[in-house]
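Read off the chains here:
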Amino acid sequence: MLKVRQAIGISLGSIASAKLRSGLTTLGIVIGIAAVVANVSLGESFNVYFEDEVNAQGSNFIIIYSQEPNLFYNNELQIIKKTPGISGVSPIKQQSGAATYFSQKKNIDIVGVTGDYEDTANIIMENGSFIRDQDAFSAAIGSKVANEKFDRNISARSSIDITLRLEGGKTVTRKFKVKGIIKSLNASFAGGGIDRDTSIFIPVSTINQMLGEDDFSSFFAMSDSLGDVDVVSDEVNKRLARNFGVSSRDLDDEDAKPYRIFNKADVLKQTNQLADTLRNFLVSVALISLLVGSIGIMNIMLVTVTERTREIGIMKALGFSSTDILMLFLIESVILSLFGGILGLAVGIGGAYIITTALKLPFMYPGYVFEIGVLVAIVVGVAAGVYPANKAAKLAPVDALRHE
């Protein structure tokens, strides 16, 4: 019976005697494993990226927005405030307007909020401070508004004129003191439909005063914890539905309610599903490369059996059993695949790092990718080597020795 150590030595000698062929054989496995590892890593990177995008928009947020005009007032604000588990809530009134700075006028989204919006929406200031309810004609402006919209950069303590359009075509203009510049998130997900980088925030009472109105377009609330956000969101939904005369049996019917509500957990579920779908698609594509690589190994091993038919006959004549021959060819296939798998791991991680850096994604390489790479390489080696090895083992010594 041939020992495993001896079989490995013989297999390595056989591989070394045909370096070019062995190298080309492993190339398919290198590409396949590298593609799998890189795509798994990319999938994790997208997952973390989406989570970071959502987390940047607020701590355990719950967003409620109306589908009808003049729906939300102070009464609805108090209902949400008094809901157990709500730690903060800001009404929102969003209006397209214009800002004038040093005689230069630009169309900009004007957003009315309260001081609670700073915590609920996770606002971070680049300099200065966020508005407070009592500030009246003060403003906090987005980073792009401050640094890109106008020829001159706007800084804290600067003054800007804000113009809003009223019904009937009339306009109202007021002068505001810039209280602070909001730090840019560079995020693609805009919480509640508000891009803080390109918006100007003023007190909601002030925007309503300018418009001569007293309603709100939406609410941005925060629950005590992420674990409770679904429960708190459901309770807000029940209370608002009761307030608007919506039956309890219609709570899940979005068409029966004059408002929509979603929370951080809902968004995370959607982004996780998107990331999983993307990762599964990428891995599926990579598995095709791996399949091609495994077929390449099987093909080469079959060629090797044909080339070494006389050698197999001599080995059997010297006393090597069919099991020994089977083990020799199987080990040779596994070694080729394992070598390609290790190289593929290195290439895949390196490729994932380059791609994530280019896409400005967080670089992630979960520990299980190493296990996946080695395990897949072994499985491919065994699967691709079984048939050629079995064919070699079944050769009759006399027929093998006669082969030219």
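So, here's what we can say about the structure. In this text the structure is predicted, and so the values were computed from the model without any measurement.

Reading the values: the criteria
Residues numbered from 1 in each chain as written. Predicted model: local features only at pLDDT ≥ 70, side-chain atom pairs only at ≥ 80, totals over all residues. Heavy atoms only, no water. Helix = DSSP H or I, 4+ residues; strand = E, 2+ residues; numbered from the N terminus. Patch = residues over 30% accessible without salt bridge, like charges linked within 9 Å, V, L, I, M, F, W, Y side chains within 5 Å. Areas by Shrake-Rupley, 256 points an atom, 1.4 Å probe, with all protein chains shown as cover. Salt bridge = Lys/Arg side-chain N within 4 Å of Asp/Glu carboxyl O. Buried < 20%, exposed > 50% of the residue type's maximum accessible area, 1.4 Å probe, protein only. Contact = heavy atoms within 4.5 Å. Phe/Tyr/Trp six-rings, centres within 6.5 Å; stacked < 30°, edge-to-face > 60°. Lys NZ or Arg CZ within 6 Å of the ring centre and 35° of its normal.

**Quick look at unusual backbone geometry**
Phi is positive for Phe102, close to 50 degrees, though the residue is something other than glycine. Its place among the elements puts Phe102 in the loop between strand E2 (86–101) and strand E3 (104–113). Its identity is not glycine, yet Asn122 carries a phi of approximately 55 degrees, on the positive side.

**Some thoughts on a nonpolar patch on the surface**
Judged by side-chain polarity, Leu20, Leu24, Leu27 and Ile31 come together as a nonpolar surface patch covering roughly 430 Å² of accessible area. Looking at where Leu27 falls in the secondary structure, it is placed in helix H2 (residues 19–56). Accessibility expressed as a relative area gives 45% for Leu27, which makes it partly exposed.

**What about the environment of Gly373?**
Structurally, the position occupied by Gly373 is in helix H11 (residues 368–393). The buried category is assigned to Gly373, whose relative accessible area is 1%. Residues within four places of Gly373 in sequence aside, it is in contact with Ile33 and Leu345.

**So, the packing of aromatic side chains**
Considering all chains together, one arrives at 14 aromatic pairs under this definition. Judged by centre distance (5.5 Å) and plane angle (70 degrees), the rings of Tyr117 and Phe220 are edge-to-face. With a gap of 103 residues between them, Tyr117 in helix H4 (residues 117–120) and Phe220 in strand E9 (residues 218–223) connect regions that are remote in the sequence. The same class applies to Tyr117 as to Phe220, namely buried. Through successive ring pairs, a cluster of aromatic residues spans Phe61, Tyr117, Phe130, Phe201 and Phe220. Here Arg152 stacks its cationic end above the ring of Phe102, 4.1 Å away from the centre of that ring.

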